[in-house]
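# Tertiary structure, described
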Protein chains: 2
Amino acid sequence: MTVTRGERKERTRRAILDAALTLCEDSSLVALSLRQVAKEVGIVPTAFYRHFDSIEDLGLALVDESFVSLRAMLLDVRRSDPAFDDTIDSSIDILVDHVRRQHQHFQFIVRERGAGPVSVRTAINREIELCQQELATDLARLPGTADWSPEDLRILSALIVTAMVATAEAIVRSPDSPEVEKQIVEDARVQLRMVLIGALNWRSRT
Amino acid sequence: MTVTRGERKERTRRAILDAALTLCEDSSLVALSLRQVAKEVGIVPTAFYRHFDSIEDLGLALVDESFVSLRAMLLDVRRSDPAFDDTIDSSIDILVDHVRRQHQHFQFIVRERGAGPVSVRTAINREIELCQQELATDLARLPGTADWSPEDLRILSALIVTAMVATAEAIVRSPDSPEVEKQIVEDARVQLRMVLIGALNWRSRT
DNA sequence: CCTAGCAGTGGACATGTGTGCACCGTCACG
DNA sequence: CGTGACGGTGCACACATGTCCACTGCTAGG
């Protein structure tokens, strides 16, 4: 009795999630069949239903899981606080490191955000919007944004999130040669700097 | 003999392309079956092969077609040239108008860029990179970028293209209520202004 | 005119798919 | 100590899918 009943269940649940993640590496949820997953896990197709109602349901679970780890990362970013110009570099480093470690999760999110069952798509986009809002409140705490309108803060953070998502996409898509990756990271740094310089000169000119 | 043989062929070819585009509105190429397309068009499954080798082949044709019209749009943008601050607004207007008109094409590209067969994905991304390069040479002609390095030009144009793609995504994804769309457009304007202000203050500070 | 070529047909086949049902063995709890 | 709940099995069914093949009818070109 070293392993309880619930542990066993959780273990095959994990196996299903991992199998789905792996199979999604070069396809998409909508092209993923229950039977493929079952075969990959090593269970019989109908056993799948003991854990999820449908592939779509599985997808929602994967979205949750992915964003749990992503939010953990964002906490790290926020902890690395307020020494200004260094914040950009360290934030990007954390982002890139996380993308590398959670490669499958990011690949999944990036892919299913556009394709994927409607419920999954909306879940992902809702989550990303949430990230934008949090970033906006963070930005509000920064020096120099005192007189910004909430609207402008929202728009700025949307722009930054878009750029970061694009960076994550690029890393996930690229072959993981260290030089290509270094290039992508460097580009992201420069882009963020450009955006922030634009932000610093914003209210003062318009 | 009012319609020639070749015209008939071209006509059902178009019908296939349109059917695929329509069916892709709420799924993805990888989840699209030859038989669905055939049924939608009203031909027998095997007749499909008279026009395309496979669904993947069909996808590549759709990519070509989509970017032909997109490049036509970019020509319009370039024609609207060099009165500075107005360029942003008119460019975005053209973009938005085109997205609305070529709704299916954009939806297709946005979706298959992340999901979709590998060949389709790479074709799309190659095409987008091309757009970035063209934008970079356009930017080089603008006043104030005389002393910019080619690297920085490339990075700036990548940022702008990313933001524009994100805008197109948002429009395609949103319900087409005019107010929501107006909001998206307004956000895009502000973002572009922020980026350009950052660009104008770029070399002068680093 | 008539014949070869070609878009489109119709049926068939092997294989993959979601899901219903009866069943089994074992851990957990009263 | 039992017994019931539950994770997992095995089989079955009704369909969907990609592709092969022999075919038909029209039309464009010699």
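Residues numbered from 1 in each chain as written. Chains lettered and ligands numbered in written order. Predicted model: local features only at pLDDT ≥ 70, side-chain atom pairs only at ≥ 80, totals over all residues. Heavy atoms only, no water.

### Points about the protein's contact with DNA strand D
Residues in contact with DNA strand D amount to 19 residues; listed here are only the nearest, K9(A), R50(A), H51(A), R35(B) and Y49(B). Backbone atoms, meaning sugar plus phosphate, form 48% of the atoms of DNA strand D positioned within 4 Å of the protein. Within the side chain of R50(A), an N or O atom sits 2.4 Å from a base oxygen of DNA strand D. For DNA strand D, a phosphate oxygen lies 2.9 Å from a polar atom in the backbone of R5(B). The set of elements that each furnish at least two residues to the surface near DNA strand D consists of α1 (5-23) of chain A together with α2 (34-41) of chain B. Partitioned by chemical class, the residues of the surface near DNA strand D number six nonpolar, seven polar and six charged. (Near = heavy atom within 4 Å. Polar contact = N/O pair within 3.5 Å; in protein donor to acceptor, adjacent residues only side chain to side chain. Helix = DSSP H or I, 4+ residues; strand = E, 2+ residues; numbered from the N terminus. Nonpolar A, V, L, I, M, F, W, Y, C, P; charged D, E, K, R; others polar.)

### Section: the pattern of salt bridges
Applying the stated criterion across every chain, the model contains 38 salt bridges over all chains. With a closest N to O distance of 3.2 Å, R154(B) and E151(B) form a salt bridge. Here R154(B) and its partner E151(B) are both found in helix α7 (residues 150-173), three residues apart, which amounts to about one turn of the helix. Note on R154(B): relative accessible area 30%, which makes it partly exposed. Given the relative accessible area of 41%, E151(B) is considered partly exposed. The structure contains a network of salt bridges with shared partners spanning R71(A), R78(A), E127(A), E134(A), D138(A) and R141(A). (Salt bridge = Lys/Arg side-chain N within 4 Å of Asp/Glu carboxyl O. Buried < 20%, exposed > 50% of the residue type's maximum accessible area, 1.4 Å probe, protein only.)

### Side note on the interface of chain B and chain A
Size of an interface: often given as the accessible area lost when the parts come together. Taken together, the contact between chain B and chain A spans 35 residues of the former and 34 residues of the latter. Buried area between chain B and chain A, both sides added, is near 3,100 Å², and the carbon and sulfur share of it is 66%. A per-residue breakdown of the area chain B buries against chain A is headed by L159(B), M194(B) and W202(B), which together make up 20% of the total. Linking chain B with chain A are four salt bridges. Of the charged contacts in the structure, one is a salt bridge between R154(A) and D187(B), with a shortest N-O distance of 2.9 Å. The tally of links from chain B across to chain A stands at eight residue pairs in polar contact (both at pLDDT 80 or more). Within the residue set of the side of chain B that touches chain A, elements represented by two or more residues are α5 (103-114), α6 (118-141), α7 and α8 (178-200) of chain B. A total of 12 residues in the side of chain B that touches chain A trace back to one element, the largest contributor, which is α7(B). In terms of residue class, the side of chain B that touches chain A is built from 15 nonpolar, eight polar and 12 charged. (Contact = heavy atoms within 4.5 Å. Buried area = accessible area lost by both parts, 1.4 Å probe.)

### Quick look at the protein's contact with DNA strand C
Not every one of the 20 residues close to DNA strand C is listed here, only the nearest: R35(A), Y49(A), K9(B), R50(B) and H51(B). In this structure, R5(A) approaches DNA strand C through a main-chain N or O atom, which is 2.8 Å from a phosphate oxygen. For DNA strand C, a phosphate oxygen lies 2.6 Å from a polar atom in the side chain of Y49(A). Every element with two or more residues in the surface near DNA strand C is listed here: α2 (34-41) of chain A together with α1 (5-23) of chain B. Per-class residue counts for the surface near DNA strand C are seven nonpolar, seven polar and six charged.

### Here we look at the side chain of E112(B)
Residues and elements named next belong to chain B. Counting through the fold element by element, E112 comes out in helix α5. Despite its burial, E112 pairs with no opposite charge, the nearest such side chain being R111 at 5.5 Å. With sequence-adjacent residues up to four places away left out, E112 is seen in contact with C24, S28, L29, P117, V120, R121 and I124. (Lys, Arg positive; Asp, Glu negative; His and termini not counted.)

### Overview of the packing of helix α3 (residues 55-79) of chain B against α5(B)
Residue and element names in this part refer to chain B. Where α3 meets α5, the axes come as close as 10 Å, and the angle between the chain directions of the two elements is 120°. On the basis of the axis angle, α3 is oblique to α5. In this structure, α3 crosses over α5, and the sense of that crossing is left-handed. Within the contact between the two elements, α3 uses G59, L62, V63, E65, S66, F67, S69 and L70 and α5 uses H105, F106, F108 and I109. (Axes fitted to C-alpha atoms, helices over the stretch in contact; angles between N-to-C directions. Parallel < 35°, antiparallel > 145°, perpendicular 65-115°, else oblique. Left-handed = near helix turned anticlockwise from the far one by under 90°.)

### Some thoughts on the confidence of the model for chain A
The share of residues in chain A with pLDDT of 70 or more is 95%, and the mean pLDDT across the chain is 94. By mean pLDDT, the top-scoring element of chain A is α2(A) (98), and the lowest-scoring one is helix α4 (residues 84-101) of chain A (90). (pLDDT = per-residue confidence, 0-100.)

### Details of the packing of aromatic side chains
Each aromatic ring pair is characterised by the separation of its centres together with the angle its planes make. Residue and element names in this part refer to chain A. Under the counting rule described, the total for this entry stands at four aromatic pairs over all chains. Ring geometry for F48 and Y49: centres 6.1 Å apart, planes at 80°, overall edge-to-face. Assessed through its relative accessible area of 48%, Y49 is described here as partly exposed. Between F48 and F52 the ring centres are 5.9 Å apart and the planes differ by 40°, which places this aromatic pair in the tilted class. When sorted by exposure, F48 lands in the same class as F52, which is buried. Members of the aromatic cluster, each reached through a chain of ring pairs, are F48, Y49 and F52. (Phe/Tyr/Trp six-rings, centres within 6.5 Å; stacked < 30°, edge-to-face > 60°.)

### Digging into the relation of the copies chain B and chain A
Take chain B, turn it by 180°, move it 0.0 Å along the axis, and it overlays chain A with an RMSD of 0.0 Å. Here the symmetry operator amounts to a two-fold rotation axis. When C-alpha distances to the rotation axis are compared across chain B, the minimum falls at G198(B), with a value of 1.6 Å. The fraction of interface residues of chain B whose copies in chain A are also interface residues reaches 97%, indicating that both copies meet through the same surface. (Least-squares fit on C-alpha atoms with pLDDT ≥ 70 in both.)

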